[in-house]
Amino acid sequence: MSNGGTELYKQARRRIPGGTQLLSKRPEMFLPEQWPAYYSRASGAEIWDMDGRRFVDMTIGGIGACVLGYADPNVDDAVREAIGRGVATSLNCPEEPALADLLCELHPWADMVRYLRCGGEAMAAGVRIARARTRKDKIVFCGYHGWHDWYLSANLAHGSQLDGHLLPGLDPAGVPRALAGTAIPFTYNDLAGLEKALAAAGDGLAAIVMEPIRAIEPAPGFLERVRDEAHRRQALLVFDEVSAGFRLNTGGAHLTLGVDPDIAVFAKAIGNGYPMAAVIGTGDAMQAAQGTFVSSTNWTERTGPAAALATLAKHRRLDVGPRLVKQDIASRPCGGRLPRMPDSPSQSVAVCRRSPASRLTIRSHCRSARYSRRACSIVVSSPATRSTRCTHTRRITWLSMAPRSPKCSTKFAKRSTRAP
Ligand SMILES: Cc1ncc(COP(=O)(O)O)c(C=O)c1O
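In this text the structure is predicted, and so the values were computed from the model without any measurement.

*Asks:* In this structure, what is going on with helix α8 (residues 222-232)? I would like to understand it.
*Replies:* Quick reminder: α-helices carry 3.6 residues per turn. Residues three or four places apart thus point the same way. Along α8, the residues classified as buried are Leu223, Val226 and Ala230. In a view along the axis of α8, the buried residues occupy a sector of 60°, so they form one face of it. Close packing links the buried residues of α8 with α7 (191-201), β7 (205-210), β8 (236-240) and α9 (253-257).

Next comes the structure, spelled out in structure tokens:
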């Protein structure tokens, strides 16, 4: 069977360093020479490759961006309408204040909002605002937060400091050496490690930056302790909700976990695939955005806020968060069609979920089967037919989506050494 995507990818690698714009979409990470690589169209949970083959996408769900499914009709209609009215004019779009009101309503602790378009840049803005507010430099963090200098600088001090924070082996080439020591990592749920990192930051702590939850649940009292340690040092707590947001509820995971930060950062699911990001925060923290320079032309375009308003309206109407937690695609064969997000809350849903923490390889099950914990699915690739299909899924939740449910129970799952 032909695979036009593979050929196209070979060409792309000659023109595009690394072949793709996102590490996690490199075909060789899934199935070298066989992964479809490019799509011609996508709808709901289905995706068609360049040769017209249909797949049920149980991999990374648009790397966590499409909680309502691909090409959601309500979101797409809202974007089409925005396009019809002009997207990048000399004036501002009224969707901005409407979305700010909605985000502050969803997060009653927050007073103000700024918009951006990508998760990494929104995190960089969140860190800048925290530094501007506190007039301090040091960031104590755990987890992955994007490609920007503030984050990669952690690997200047010791080359492997970011290993264990989702993406190992990140090279800080090009990051000014002067930033060495400004970002200090700790491990989630490790209070002793947190204390060590805080001691290294000393009086210079501007913020503690972390995801409220990812692959594992917070230990009792952990998030509260982190918040208190930040505040005790007149520093801010910044929650990165880029991947965790809009999965447990219509808002940040911290709402479910019961700890409010000073700043929270959203991207990905907020626009159901359309570029959109938001930094929300207390008035006290966010006023500092005026005291520094955080500004970009494309942060004013109209499709992002229009998509976000439509996404959040549908998310809230269908109460998508709890349904993502509860939905049981465990025992259901998913070789069949997975539905688009239905219009009635009584219908079942099957939207890819992700835990980007790591990829697992199932060895004893099938040599070429690969279980991606990101999508709670098992994808079986058949070298004979060069096809890739999802044979069944297991109840291995995107662990952070089901805070009280059993953790990964795949007996035969083995952590792969490959980078996600
Ligand atoms: C927690 C977290 N923060 C930040 C980012 C970076 O977001 P983006 O890829 O939109 O720049 C990611 C991306 O996976 C993420 O998972």
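After presenting the structure, the write-up continues.
*Asks:* Is there a simple way to think about the sheet that holds β8 in this case?
*Replies:* Pairing is mixed across the open sheet formed by 7 strands, whose spatial order is β4-β10-β9-β8-β7-β5-β6. With partners counted over all chains shown, the strands left at the sheet margins are β4 (112-116) and β6 (183-185), one partner each. Averaged over all pairs of adjacent strands, the angle between their axes in this sheet comes to 20°, without regard to strand direction. Two elements, strand β5 (residues 138-141) and β6, share 3 bridges in a ladder whose sense is parallel. If you follow Phe141 over to β6, its bridge partner there is Pro185.

*Asks:* Even after reading the chapter, I still don't get the pairing of strand β10 (residues 277-281), so can you show me in this structure?
*Replies:* Two faces belong to every sheet, and in a regular strand the side chains alternate between them. For β10, the tally of buried residues reaches 5 of 5 residues, placing the bulk of the element in the interior. Along β10, one buried face is formed by Ala277, Val279 and Gly281 and the opposite face, lined by Ala278 and Ile280, is buried too. Both β4 and β10 contribute to a ladder of 5 bridges, which runs antiparallel. Considered in β10, the bridge of Met112 is made with Gly281. The pairing of strand β9 (residues 263-266) with β10 spans 4 bridges and is antiparallel.

*Asks:* Please clarify how the site of the ligand should be interpreted in this entry.
*Replies:* The local shell around the ligand holds 14 residues, among which Gly119, Gly120, Gly146, Val242 and Ser243 are the closest. Per-element tally for the shell around the ligand: the top contributor is helix α4 (residues 119-134), with 3 residues. Of the residues belonging to the shell around the ligand, the class tally is 6 nonpolar, 6 polar and 2 charged.

*Asks:* Explanation requested: the packing of helix α2 (residues 73-84) against helix α11 (residues 303-317) in the structure shown.
*Replies:* When two helices pack together, their arrangement is given by the angle between the helix axes and the distance between those axes. Viewed as axis vectors pointing N to C, α2 and α11 meet at an angle of 150°, and their least axial separation amounts to 8 Å. With respect to α11, the element α2 is oriented roughly antiparallel. Regarding α2 and α11, the two cross each other, and that crossing is right-handed. Here Asn74, Val75, Ala78, Val79, Ala82 and Ile83 of α2 come into contact with α11, specifically with Thr303, Ala306, Ala307, Leu309, Ala310, Thr311 and Lys314. When its residues are assigned to classes, the contact of α2 with α11 shows 9 nonpolar, 3 polar and 1 charged.

*Asks:* Any chance you could explain the nonpolar core here in plain terms?
*Replies:* Side chains that are nonpolar tend, in soluble globular proteins, to be buried together. Counting residues in each nonpolar core, the largest one holds 89 residues, and the members touching the most others are Val140, Ala207, Leu236, Val238, Ala278 and Val279. Looking at which element gives the most residues to this core, the answer is α4, with 7 residues. Residues in contact with Val238, not counting those within four places in the same chain, are Gly126, Val127, Ala130, Ala207, Val209, Pro261, Asp262, Ile263 and Val265.

Reading the values: the criteria
Residues numbered from 1 in each chain as written. Predicted model: local features only at pLDDT ≥ 70, side-chain atom pairs only at ≥ 80, totals over all residues. Buried ≥ 20, exposed ≤ 12 C-beta atoms within 10 Å, placed from the backbone. Helix = DSSP H or I, 4+ residues; strand = E, 2+ residues; numbered from the N terminus. Arc of directions from axis to C-beta. Contact = placed C-beta atoms within 7 Å. Pairing = 2+ DSSP bridges. Axes fitted to C-alpha atoms, helices over the stretch in contact; angles between N-to-C directions. Near = placed C-beta within 6 Å. Nonpolar A, V, L, I, M, F, W, Y, C, P; charged D, E, K, R; others polar. Parallel < 35°, antiparallel > 145°, perpendicular 65-115°, else oblique. Left-handed = near helix turned anticlockwise from the far one by under 90°. Core = buried A, V, L, I, M, F, W, Y, C linked by C-beta atoms within 7 Å.

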